[in-house]
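Listed below, chain by chain, are the residues.
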Amino acid sequence: MNLIGNDRVSLGVCYYPEHWQEADWENDLQRMLASGIETVRIAEFAWNLIEPREGSFDYAFFDRFLDVAEKTGMQVVFCTPTATPPAWLTKKYPEVLNATMEGVVYQHGFRRHYNYNSPKYQELCRRIVGRIAAHYASRPCIVGWQIDNEFNCETAEFYSESDSSAFRNFLKRKYRTLDALNAAWGTVFWNQTYTAWEEVDVPRATPTGRVNPHRRLDFFRFISDSVCRFAKMQSDILRRYVKKGDFITTNGIFGNLDSHRMTEESLDLMMYDSYPNFSYCPALYHEEDPTKDRNWSRHLSEVRSISPHFGVMEQQSGANGSMEMMAPVPKPGQITLWTMQSIAHGADFVSFFRWRTATMGTEMYWHGILDYSGRENRRLAEVRDISQKLKKMEGIAGSSYEAQVAVVRDYDNIWNGQADVWQRDLEQASIWGLFQACQHTHTPFDYVYIDHCSKKTLDQYKVVFCPHLAILTQEQADILRHYAEQGGTLVFGCRTAYKDINGCCVTEPLPGLVGSLAGVDIPEYTAVAPDIGSVTALWGDTSLRTILFNDQLAAADGAEVLAEYQEGYYQGAGALVHHRIGEGETYYFGSVFTAETARVFLEKLGVAEPYSGIISAPQDIETAMRRGEKDGESRRFLFVLNYSGEEQMVMLHRKLRNVYTGSVENGEQTLAGYETRVYEIMG
């Protein structure tokens with residue numbers, strides 16, 4: 001049975017039979033099932049149990065566990081164990097190990113210490129994946145497969161000799177000639193010209209730590225390509241053996257990886273690992289961050305851009321921690337809150353990490369549902385309550401998250417920002433500001449990756465924000481033009497379209513490829529000096545605070561200046577330009593979108609509070625809508641999530657059915673601290 005696409009959301013848990021006595025297995029699985037947990041994930045770190053010595057395979061351990069799973073009726077997601085190669089492998093074949101930028105080779109003793117490009121590691125991975133799939137895939141209890149574990153988690157950069165060799169091959173395929181590579185990278189600058197392919201390595205340490213930015217951009221593209229190829233190698237093997245209906249996935253979203261491409265090429269869906277409790281780790285806590293665990297809604301929106309219907313393979317259930325990190329236990333109600341947060345954003349399967357807390361190793365403080373003793377506790381009682389709630393949420397699985405606003409991103413710009421502070425700081429500020437504004441005005445939004453969409457993808461949205469697409473291709477500019485001409489409202493931020501696909505600055509007047517679309521000319525621009533902090537712009541009677549950067553705008557092609565800067569040497573220059581084009585319109589804003597500024601745009605463009613006719617809620621409440629269809633009739637489910645530990649009042653403006661209780665509610669409703677409600681819209 002496929003877990004994704006059922007008419008209800010189902011629960012799972014991560015389980016490590018190798019950490020516990022074999023005599024405990026059956027009791028553990030029976031307790032899980034009695035608590036509403038129907039699926040376990042196993043084996044992602046268990047290579048040595050199946051191949052204890054090179055070429056010697058022993059399937060007995062997991063055969064015995066799968067026998068118990070089938071006896072009890074537990075479903076299983078089986079993982080390929082390639083995230084942690086065994087000690088015999090790394091000792092005999094040190095070329096499989098990753099290295100630092102300085103060339104220091106990582107050693108055995110943690111995880112993800114391998115590199116994707118070692119021919120020997122690829123050979124051994126093909127063998128172990130093939131052997132596991134051939135032996136276990138026919139088992140009735142197995143319903144899905146996870147490839148590896150959290151690609152690029154501990155590190156997203158790779159500097160082994162195998163990577164240098166593979167990087168050269170990647171560049172040869174892309175550029176074909178050294179002349180083309182030298183032109184793309186601008187190697188004439190600082191005498192970096194290459195005359196032989198053997199001279200080209202992955203980036204290495206330099207006196208300042210800085211390297212050619214165009215080389216670094218291609219390096220990040222290469223890392224992503226390496227992961228995608230590694231995942232596809234495993235997926236291709238698994239598909240020879242998996243039963244009809246069993247899915248293939250992987251878990252987590254990490255850096256330097258085009259997860260959209262990986263999913264399109266290799267997966268049936270993406271799974272995410274959701275740990276909102278990171279917001280309360282003392283080492284990571286930021287008092288000025290008003291969103292805290294609510295920020296994981298932003299991460300879940302990223303997942304949804306990859307897989308509109310996705311799963312959560314690791315959902316917070318206990319205190320996360322390690323020898324270097326400490327965090328509090330989730331408070332009563334927070335496990336439910338975070339689970340419903342995942343479901344509200346599109347998750348159709350939620351698997352908790354983990355069943356029982358390990359008594360040894362690096363993650364012995366990374367708590368699961370149960371503590372070390374395995375005895376009953378408050379968290380397990382809460383999981384049971386979640387299970388009962390989900391049984392009453394029939395019809396939600398398979399429904400879609402509803403949004404009328406989109407924020408455009410793409411991988412080239414994300415990677416470019418890692419080496420380009422001019423883009424990085426602007427993009428991070430606007431992504432954060434737009435998220436906060438959308439959350440505080442209860443405005444659902446989607447991320448759309450323009451490098452993975454068609455001309456029609458954006459048509460479903462009323463307003464599309466393109467904060468700072470520094471790198472922009474003609475094809476992408478055409479997608480944006482099509483959207484606006486067909487009646488959409490397109491909002492640009494500063495520093496748009498000033499680079500080509502290689503990350504080199506363009507010589508056309510800014511904003512490059514979108515100048516005629518936005519009706520804008522930018523004769524001058526500047527970073528905002530720290531001693532100034534911000535510059536005010538006036539949009540009618542509304543003040544806009546501009547920070548970090550100011551494009552000084554002039555209207556062109558029949559456009560009009562809506563706001564001007566009020567201070568500085570460029571007082572009176574345009575800060576916001578409006579342009580009507582086709583059936584739609586564009587706005588070009590010459591700065592970044594703070595939470596306050598983004599809120600102004602949402603309100604003036606008429607997309608804030610889209611559910612105000614149904615519910616009014618304070619800022620501490622998140623609302624989200626999922627829409628589905630059953631028997632030809634539309635069904636809508638409203639999630640109401642209280643991230644505050646205090647009581648919050650919401651006002652229902654019409655009768656709604658409380659899915660948890662079945663009762664019909666209207667008018668003023670009080671939610672306890674961390675309480676959630678799910679309402680079905682009636683009529």
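Summary of the structure given here. All figures in this text were calculated on a predicted structure; none of them were measured in a lab.

Now for the pattern of salt bridges. The full count for this structure, using the stated rule, is 47 salt bridges. A salt bridge links Arg-8 to Glu-38, with the shortest nitrogen-to-oxygen separation between them at 3.0 Å. Remark: Glu-38 occurs in strand β2 (residues 37–42) and Arg-8 occurs in the segment before β1 (10–14); sequence separation between them is 30 residues. Looking at Arg-8, the relative accessible area reads 31%, which means it is partly exposed. When its relative accessible area of 23% is taken as the criterion, Glu-38 is described as partly exposed. Here the salt bridges do not stand alone but share partners, grouping Arg-173, Asp-225, Arg-229, Arg-261 and Glu-265 into one network.

With that settled, the discussion passes to the packing of aromatic side chains. According to the stated counting rule, one finds 50 aromatic pairs in the structure shown. Ring geometry for Trp-539 against Tyr-587: centres 6.1 Å apart, planes inclined by 50°, an arrangement best described as tilted. Placement of the pair is Trp-539 in strand β15 (residues 534–539) and Tyr-587 in strand β20 (residues 584–589), with a sequence separation of 48 residues. With relative accessibility at 9%, the residue Trp-539 sits in the buried group. On the basis of relative accessible area, Tyr-587 is assigned to the buried category, the value being 8%. Members of the aromatic cluster, each reached through a chain of ring pairs, are Tyr-15, Trp-25, Phe-57, Tyr-59, Phe-61, Phe-62, Phe-65, Phe-78, Tyr-136 and Trp-145.

This brings us to the side chain of Glu-382. Residue position: Glu-382 is located in helix α12 (residues 378–391). Buried and unpaired, Glu-382 has no salt bridge, with Arg-378 as the nearest side chain of opposite charge at 4.2 Å. In contact with Glu-382, not counting residues within four places along its chain, are Lys-331, Pro-332, Gly-333, Gln-334, Ile-335 and Thr-336.

Their axes nearest at 10 Å, the elements helix α6 (residues 161–175) and helix α8 (residues 213–238) cross at an angle of 100°. By the angle between their directions, the pair α6 and α8 is classed as roughly perpendicular. Between α6 and α8, the contacting residues are Asp-163, Ala-166, Phe-167, Phe-170, Leu-171, Arg-173, Lys-174 and Tyr-175 on the first element and Arg-215, Asp-218, Phe-219, Arg-221, Phe-222, Asp-225 and Arg-229 on the second. Classifying every residue of the contact of α6 with α8 by side-chain character gives 7 nonpolar, no polar and 8 charged.

Let's shift gears to helix α14 (residues 421–440). With 20 residues, α14 extends 28 Å between its outermost C-alpha atoms, agreeing within 8% with the 28 Å of an ideal straight helix rising 1.5 Å per residue. Capping the start of α14, Asp-420 holds a side-chain oxygen 2.9 Å from the backbone nitrogen of Trp-422, two or three residues further along. The first or second residue beyond α14 is His-442, which carries a positive phi of 55°.

On the surface, Val-188, Phe-189 and Trp-190 cluster together to form a nonpolar patch covering roughly 440 Å² of accessible area. Assignment of secondary structure puts Phe-189 in the loop between α7 (178–185) and α8.

Attention now goes to the environment of Ala-99. With respect to the secondary-structure elements, Ala-99 resides in the loop between α4 (87–92) and α5 (119–136). On the basis of relative accessibility, which here comes to 3%, the residue Ala-99 falls in the buried class. Spatially, the C-alpha atoms of Ala-99 and Gly-433 are 36 Å apart, while their sequence positions differ by 334 residues.

The next subject is the environment of His-260. Counting through the fold element by element, His-260 comes out in helix α9 (residues 259–266). Remark: the alpha-carbon pair of His-260 and Val-303, spanning 43 residues in sequence, is separated by 9.4 Å. Residue contacts for His-260: discarding those within four places in its chain leaves Ser-305, Ile-306, Tyr-411, Tyr-449 and His-452.

The geometry of helix α13 (residues 411–419) relative to α14 is characterised by a closest axis approach of 6 Å and an angle of 120° between their N-to-C directions. Compared by their axis directions, α13 and α14 come out oblique. The two elements α13 and α14 meet at a crossing, and its hand is left-handed. Note on element contacts: α14 touches α13 through Val-421, Gln-423, Arg-424 and Glu-427, opposite Asn-413, Ile-414, Asn-416, Gly-417 and Ala-419. Across the contact of α13 with α14, the residue classes break down as 3 nonpolar, 4 polar and 2 charged.

What follows is about the sheet that holds strand β8 (residues 347–353). Spatial ordering of the open sheet is given by β5-β4-β3-β2-β1-β8-β7-β6, a layout of 8 strands whose pairing is parallel. Of all strands in the sheet, those with a lone pairing partner are β5 (247–249) and β6 (271–274), marking the two edges. For this sheet, the mean angle separating the axes of adjacent strands, direction not counted, is 25°. As paired strands, β6 and strand β7 (residues 310–316) are joined by 4 bridges and run parallel to one another. Bridge pairing in β7 links Tyr-272 to Val-312. Packed onto the sheet, helix α11 (residues 334–344) meets β6, β7 and β8 and runs at close to 165° relative to β7.

Note: most peptide bonds trans; most residues except glycine with negative phi. Backbone torsion omega between Phe-353 and Arg-354 reads -15°, so that peptide bond is classified as cis. Mapped onto the secondary structure, Arg-354 falls in the loop between β8 and α12. Along the chain, Leu-510 connects to Pro-511 via a cis peptide bond; the corresponding omega equals 10°. Mapped onto the fold, Pro-511 is located in the loop between β13 (489–492) and α16 (515–518). If you check the backbone angles, Arg-176 has positive phi at about 70° while not being a glycine.

About the cut-offs
Residues numbered from 1 in each chain as written. Predicted model: local features only at pLDDT ≥ 70, side-chain atom pairs only at ≥ 80, totals over all residues. Heavy atoms only, no water. Salt bridge = Lys/Arg side-chain N within 4 Å of Asp/Glu carboxyl O. Helix = DSSP H or I, 4+ residues; strand = E, 2+ residues; numbered from the N terminus. Buried < 20%, exposed > 50% of the residue type's maximum accessible area, 1.4 Å probe, protein only. Phe/Tyr/Trp six-rings, centres within 6.5 Å; stacked < 30°, edge-to-face > 60°. Lys, Arg positive; Asp, Glu negative; His and termini not counted. Contact = heavy atoms within 4.5 Å. Axes fitted to C-alpha atoms, helices over the stretch in contact; angles between N-to-C directions. Parallel < 35°, antiparallel > 145°, perpendicular 65-115°, else oblique. Nonpolar A, V, L, I, M, F, W, Y, C, P; charged D, E, K, R; others polar. Expected span 1.5 Å × (residues − 1). Polar contact = N/O pair within 3.5 Å; in protein donor to acceptor, adjacent residues only side chain to side chain. Patch = residues over 30% accessible without salt bridge, like charges linked within 9 Å, V, L, I, M, F, W, Y side chains within 5 Å. Areas by Shrake-Rupley, 256 points an atom, 1.4 Å probe, with all protein chains shown as cover. Left-handed = near helix turned anticlockwise from the far one by under 90°. Pairing = 2+ DSSP bridges.

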